[in-house]
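Notes for the structure review
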Amino acid sequence: MMDGTSPSAIDIPPRTVPAVALAADALAAIDPDLRPDKLRPEALRVLKVAVDEGRAAIRARFDAGASGSETVAAQCRLVDDLLTALLDFTIERVFPVANPTAGERMGVVAVGGYGRGELAPYSDVDLLFLRPYKKTPHTEQVIEFILYMLWDLGFKVGQAVRSVDECIRLSKGDITIRTAILESRPVWGDGKLHAELMRRFWKEVVTGTESAFVEAKLAERDARHTRMGDSRYVLEPNVKEGKGGLRDLHTLFWITKYIYRVSQVSEIVKLGVLSEREAHRFAQAQNFLWHVRCQLHYLTGRAEERLTFDLQEQVGRLMGYTDRAGARGVERFMKHYFLYAKEVGDLTRIFCAALEESHKRAPTSFLGRFRWRRKASDLTEVDGFAIKGDRITVASPDAFEKDPVKLVGLFAVAHKHQLDIHPDALRLVTRSLRLIDDRLRANPEANRLFMEMLASADNSEFWLRRMNESGVFGRFIPDFGRVVAQMQHDMYHVFTVDEHTLMALGILHKIELGEYKDEMPVISDAIHKVQSRRALYLSVLLHDIAKGRGGDHSELGAEIALKLGPRLGLTDEETETVSWLVRYHLVMSNTAFKRDVSDPTTIRDFVAVVQSAERLRLLLGLTVVDIRAVGPTVWNGWKAALLRELAIAAEEQIEGGMKAEARDQRVRAAQAELRKELPDWDDAAFAAHLSRGYPTYWLAFDPPALARQARLVRAAVDAGRSFAIEESSDPYRAVTEITVYATDHAGLFSQIAGAIALAGGNVVDARITTMTNGMALDVFWIQDVNEEAFDAPEKIAQLKNLVERAVSGRLRPGRELAGRRSGPTRTRVFRVAPRVLIDNAVSATHTVIEVNGRDRPGFLYDVTAALTDLNLQISTAKISTYGARAVDVFYVKDLFGLKVVHEGKLEQMRKRLLDAIVDPDDGAREPGKTDEPKASAAG
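Residues numbered from 1 in each chain as written. Predicted model: local features only at pLDDT ≥ 70, side-chain atom pairs only at ≥ 80, totals over all residues. Heavy atoms only, no water.

Right, let's talk about the overall build of the protein chain for a bit. When helices and strands are counted, the protein chain shows 40 helices and 15 strands. Every one of the 939 residues in the protein chain was classed for burial, and the buried ones make up 57%. Put simply, of all contacts in the protein chain between residues at least 6 apart along the chain, 74% involve residues at least 24 apart. Carbon and sulfur atoms make up 51% of the accessible area of the protein chain, which totals about 38900 Å². (Helix = DSSP H or I, 4+ residues; strand = E, 2+ residues; numbered from the N terminus. Buried < 20%, exposed > 50% of the residue type's maximum accessible area, 1.4 Å probe, protein only. Contact = heavy atoms within 4.5 Å. Areas by Shrake-Rupley, 256 points an atom, 1.4 Å probe, with all protein chains shown as cover.)

And the structure:
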């Protein structure tokens with residue numbers, strides 16, 4: 001099916017040819033004495049049958065295995081024949097003219113995709129009605145009749161009516177019109193008009209404007225990429241307009257035709273612009289993308305160009321992608337999609353480089369954001385490589401044959417000297433990939449060059465990416481090659497594994513260079529204390545290298561590290577460190593985001609894994625870059641604050657700080673700090689407030705937060721009120737802190753959580769405090785839907801009103817949320833198996849419950865309502881969302897303030913919570929089936 005054939009006009013099978021042929025015969029056979037007002041409805045009836053039969057025949061061929069390229073060509077043929085029959089009928093029967101004048105000559109020209117001979121099932125039909133010079137009543141009547149007929153037949157038509165002079169004049173000033181004429185072809189009428197148009201077009205418009213046209217089209221492409229997300233690895237790619245999509249191939253076609261005046265990609269092979277292999281790759285990519293686009297149109301019944309979550313699985317299945325061990329069918333399909341998108345990018349780069357070489361356009365520096373060390377023009381040779389046109393290249397066509405190490409050395413030397421790579425060298429690299437075998441992989445010099453580039457003090461992200469795009473990276477490190485274009489079918493991971501990894505390496509370099517000092521102060525300082533830089537960089541490269549294999553990718557990746565470390569020249573100690581980092585690369589994010597860092601047991605268990613200050617710094621670096629590279633909106637101030645809190649607490653314990661200070665001493669120190677925050681309070685008022693808090697309360701918040709809460713509580717007590725609420729936004733951490741002081745009662749947490757959900761807030765953390773006076777002091781940290789602080793004044797006012805009504809019993813959140821529990825239709829494709837984990841080992845004082853399920857409005861309310869029904873007291877809640885997966889962790893006690901240990905009660909808790917998180921959209925899905933990996937905060 002994916003045979004890479006170039007699009008060309010094809011014949012509809014014999015049994016379907018009569019669909020249009022009979023329409024022409026039927027139009028001709030309409031009663032010649034039929035009144036004019038009866039002609040149109042009769043013609044419309046005949047043509048509707050023809051169009052329906054023709055479309056059905058093309059769809060049947062497509063479903064039977066016809067390629068995407070064949071299908072879009074067949075659609076063009078169908079419209080060509082339809083237009084011919086309709087126009088002949090119109091001129092001969094509807095508006096006949098015995099002796100047409102010169103001014104009544106007309107030609108119908110296909111433009112746009114239709115002009116190229118490519119028409120997707122529900123794409124617009126773009127037409128140019130070409131006339132000699134001025135309008136005539138007759139041509140206006142004909143055009144109006146044709147357009148109304150096409151609209152009534154269900155076609156979306158884009159049309160223009162112009163003379164040859166108008167086309168030439170407008171195309172000189174409008175690049176879009178110029179492009180439309182460039183790919184036009186005559187369909188019906190006076191062929192001399194189109195011939196005249198094209199003769200004048202090449203002479204008066206094209207000649208002398210080649211370079212300007214190329215620059216304009218590439219600028220147009222860049223603007224489109226920016227508009228569409230500027231990455232070929234977006235979650236829901238646009239097959240037509242996205243980076244690496246069909247429009248990028250169209251751009252190459254336009255440029256080729258404009259410069260070389262050829263109509264087929266195969267023709268430019270003879271010109272040496274593309275090789276036969278590259279032309280074949282062009283055709284394969286085009287055919288694959290067209291097949292995907294046709295599937296999208298047929299599945300949705302409209303011109304749908306976006307490969308959305310719900311359609312990815314369907315399209316993949318229709319194209320024959322099935323589940324295999326370690327990889328779901330939809331993930332295999334999307335991997336192939338991104339490989340083809342990458343192929344389009346490679347072809348674009350090769351083609352543009354060829355244009356530069358032939359002086360058709362000015363060179364584009366791929367290194368504009370880098371600082372050049374010396375001018376390449378000052379060099380003729382560097383480290384065994386030649387310099388040509390300010391770029392590094394090989395001295396001879398057999399350079400790689402003679403010394404395969406140069407395949408790695410080319411990128412290492414380009415990086416070392418900050419030089420771009422000549423397109424001739426990149427082409428030769430592509431043709432020499434077979435030379436990367438086990439002997440080269442074992443070569444000490446090749447491995448030294450690679451490791452030197454990876455851990456260089458200068459950012460190597462750009463050259464590593466070029467190395468990956470050329471195919472060298474994946475061949476030299478085969479395990480990395482397995483994750484190239486590897487996509488996870490979820491809403492959390494934005495990039496393919498290889499792209500995510502390269503971005504993480506680039507972020508690590510930037511942290512070292514101080515570019516993230518304001519955003520990430522702790523790691524920006526700690527990174528310069530790291531002694532095992534090579535181990536850190538290699539761990540970033542390998543942390544996700546075993547994804548897509550089934551099993552725990554951390555454990556499998558750790559095994560790969562043990563084998564790869566010695567090969568790359570690392571010492572035994574460095575190799576063991578890399579393996580440890582890969583094995584535990586999720587432990588820091590899971591601890592920070594799922595555990596109560598104020599609980600001494602949490603810190604003790606974490607430190608037992610980390611063991612040393614050096615490993616803590618290494619793990620912090622790996623964790624930060626991993627999360628930061630997951631997607632543009634995943635990292636925020638809240639996550640940074642949680643990691644910073646864990647890192648500081650762990651460092652203190654490693655250095656003996658927390659052990660040396662007893663809890664009662666720390667409580668007294670916290671209270672002394674609070675006293676400094678309340679200088680206007682007298683001793684009696686301060687002592688009264690201290691009496692309200694249990695010892696653990698004073699260690700749960702920092703002094704400024706304790707002071708805010710103290711003022712809130714005192715104001716409520718002095719006023720005799722049993723309810724108070726206030727907010728405090730923290731833009732740095734991207735959260736809003738909501739503090740509620742209310743009479744303690746069962747279900748209070750659930751009521752507040754439900755009110756927050758109704759207000760549109762997302763809870764990311766919560767801490768519940770029971771005071772000695774029977775009151776509760778509950779603190780929620782919330783964000784808006786964009787993971788920013790929930791600080792819009794009108795939203796805050798609404799939230800406060802909802803919380804007060806919920807706490808007083810005047811609002812039933814469960815009823816209000818009942819109609820909102822279903823998530824967006826587009827994302828319902830993601831299945832997350834409900835899971836409840838109960839652990840009595842991670843805290844000395846609490847039972848810890850972790851609940852996993854598909855996120856939806858009211859999810860937290862449903863869970864906390866179930867905990868209330870189970871007579872459990874919630875002390876702390878950690879709320880996280882990873883794409884479609886909600887991961888909520890609760891520290892709970894029973895009614896007597898103790899852990900829950902009875903097995904019967906634990907089983908009751910599991911069952912009740914599982915019932916609470918059943919997804920209303922899941923229906924009768926198989927239990928345990930999930931489309932998402934185990935939840936983690938990073939990649």
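So much for the structure itself; the text now carries on.
The buried fraction of strand 13 (residues 847-854) is high, at eight of eight residues. Strand direction decides the pairing type here: strand 12 (residues 835-839) and strand 13, joined by five bridges, are antiparallel. Considered in strand 13, the bridge of Asp839 is made with Val848. Alignment of strand 13 against strand 15 (residues 885-893), held across eight bridges, turns out to be antiparallel. When the sheet's bridge partners are listed, Gly853 is paired in strand 15 with Ala886. (Pairing = 2+ DSSP bridges.)

Attention now moves to the packing of aromatic side chains. As enumerated under the stated definition, the model contains 18 aromatic pairs in all. Measuring from centroid to centroid gives 6.0 Å for Phe95 and Phe145, while their planes differ by 85 degrees, and the two rings are edge-to-face. Placement of Phe95 in the loop between helix 3 (68-94) and strand 1 (107-111) and of Phe145 in helix 5 (residues 137-152) is noted, with a sequence separation of 50 residues between them. Over the aromatic face of Phe155 sits the side chain of Arg55, whose NZ or CZ is 4.6 Å from the ring centroid. We note Arg714 situated over the ring of Trp681; from NZ or CZ to the ring centre the distance is 4.7 Å. (Phe/Tyr/Trp six-rings, centres within 6.5 Å; stacked < 30°, edge-to-face > 60°. Lys NZ or Arg CZ within 6 Å of the ring centre and 35° of its normal.)

With that settled, the discussion passes to helix 6 (residues 164-173). If you check which residues of helix 6 are buried, you get Val164, Cys167, Ile168 and Ser171. Angularly, the buried residues of helix 6 cover 95 degrees about the axis, an arc narrow enough to put them on a single face. Residues of helix 6 that are exposed and point over 90 degrees away from its buried face: Arg169 and Gly173. Residues of helix 6 that are buried make contact with strand 2 (125-131), strand 3 (157-163), helix 7 (175-182) and helix 8 (191-206). (Arc of directions from axis to C-beta.)

Attention now goes to the sheet that holds strand 8 (residues 723-730). Reading across from one edge, 8-9-11-10-14-15-13-12 is the order of the eight strands in this open sheet, with antiparallel pairing throughout. The sheet is open, and its two borders are formed by strand 8 and strand 12, each paired with just one other strand. The mean angle between the axes of side-by-side strands here comes to 15 degrees, regardless of whether they run parallel or antiparallel. Both strand 14 (residues 873-882) and strand 15 contribute to a ladder of nine bridges, which runs antiparallel. (Axes fitted to C-alpha atoms, helices over the stretch in contact; angles between N-to-C directions.)

Pairing within the open sheet is mixed, and its four strands lie in the order 3-2-1-4. Either end of the sheet is taken by a strand with one partner, and the two such strands are strand 3 and strand 4 (185-189). The mean angle between the axes of side-by-side strands here comes to 25 degrees, regardless of whether they run parallel or antiparallel. Inspection of the sheet shows strand 2 paired to strand 3 by seven bridges, in the parallel sense.

Here the focus is the pairing of strand 6 (residues 385-388). Here strand 5 (residues 381-382) pairs with strand 6 via two bridges, running antiparallel. Counted as the bridge partner of Glu381 is Ala386 from strand 6. Here strand 6 folds back onto strand 7 (residues 391-393) in antiparallel fashion, the turn holding two residues, of which Gly389 has a positive phi close to 60 degrees.

Backbone geometry follows two general trends: most residues other than glycine have a negative phi, and most peptide bonds adopt the trans configuration. For Ala485, which is not a glycine, the phi torsion comes out positive at approximately 65 degrees. Residue position: Ala485 is located in the loop between helix 22 (478-481) and helix 23 (497-512). Despite not being glycine, Gln611 has its phi angle at roughly 75 degrees, a positive value. Its location among the elements puts Gln611 in the loop between helix 29 (600-610) and helix 30 (613-628). Accessibility expressed as a relative area gives 57% for Gln611, which makes it exposed.

Using the criterion set out here, one finds 56 salt bridges in the structure. A salt bridge links Asp437 to Arg439; the shortest N-O distance between them is 3.4 Å. A salt bridge links Arg615 to Glu576, with the shortest nitrogen-to-oxygen separation between them at 2.7 Å. With Arg615 in helix 30 and Glu576 in helix 27 (residues 572-583), this pair connects stretches of sequence that are 39 residues apart. Salt bridges sharing partners connect three or more residues here, namely Arg224, Glu241, Arg247 and Asp248. (Salt bridge = Lys/Arg side-chain N within 4 Å of Asp/Glu carboxyl O.)

Moving on, we get to the environment of Asn443. Within the fold, Asn443 resides in the loop between helix 18 (438-441) and helix 19 (444-454). In this structure the C-alpha to C-alpha distance between Asn443 and Arg567, which are 124 residues apart in sequence, comes to 8.6 Å.

Further remarks concern the environment of Tyr516. Tracing the backbone shows Tyr516 in the loop between helix 23 and helix 24 (521-526). Judged by its relative accessible area of 12%, Tyr516 falls in the buried class. Ignoring any residue separated from it by four or fewer positions in sequence, one finds Tyr516 in contact with Ile507, Lys510, Ile511, Pro521, Ser524 and Arg628.

Our next topic: the confidence of the model for the protein chain. Mean pLDDT over the protein chain stands at 86; residues scoring 70 or higher make up 89%. This model gives residues 359-374 a pLDDT under 50, and the stretch forms 39 contacts once residues within four places in sequence are excluded. (pLDDT = per-residue confidence, 0-100.)

Contact pair helix 7 / helix 8: the axes reach a minimum separation of 11 Å and the direction vectors enclose 130 degrees. Classified by the angle between their axes, helix 7 and helix 8 sit oblique to one another. Where helix 7 crosses over helix 8, the handedness of that crossing is left-handed. Contacts between helix 7 and helix 8 pair Arg178, Ile181 and Leu182 from the former with Leu197, Met198, Phe201, Trp202 and Val205 from the latter. (Parallel < 35°, antiparallel > 145°, perpendicular 65-115°, else oblique. Left-handed = near helix turned anticlockwise from the far one by under 90°.)

The next point concerns the packing of helix 23 against helix 30. Where helix 23 meets helix 30, the closest approach of the two axes is 8 Å, and the angle between their N-to-C directions is 125 degrees. In terms of axis orientation, helix 23 runs oblique to helix 30. Crossing geometry of helix 23 relative to helix 30 is assigned as right-handed. Of the residues in helix 30, those in contact with His500, Ala504, Ile507, Leu508 and Ile511 of helix 23 are Val624, Val625, Asp626 and Arg628.

A few words now on the environment of Gly409. Topologically, Gly409 is positioned in helix 16 (residues 406-417). In this structure Gly409 touches Phe385 and Leu449, once residues within four positions along its chain are discounted.

Once that is clear, we can look at a nonpolar patch on the surface. On the surface, Leu895, Phe896 and Leu898 cluster together into a nonpolar patch covering about 390 Å² of accessible area. Looking at the secondary structure, you find Leu895 in the loop between strand 15 and helix 40 (903-916). With a relative accessible area of 57%, Leu895 lands in the exposed category. (Patch = residues over 30% accessible without salt bridge, like charges linked within 9 Å, V, L, I, M, F, W, Y side chains within 5 Å.)

Let us look at helix 39 (residues 859-869). Burial of helix 39 is extensive: nine of the eleven residues sit out of reach of the surface. The complete set of buried residues in helix 39 reads Phe859, Leu860, Tyr861, Asp862, Val863, Thr864, Ala865, Ala866 and Leu867. Note on helix 39: the residue one or two positions beyond its end, Asn871, has a positive phi of about 60 degrees.

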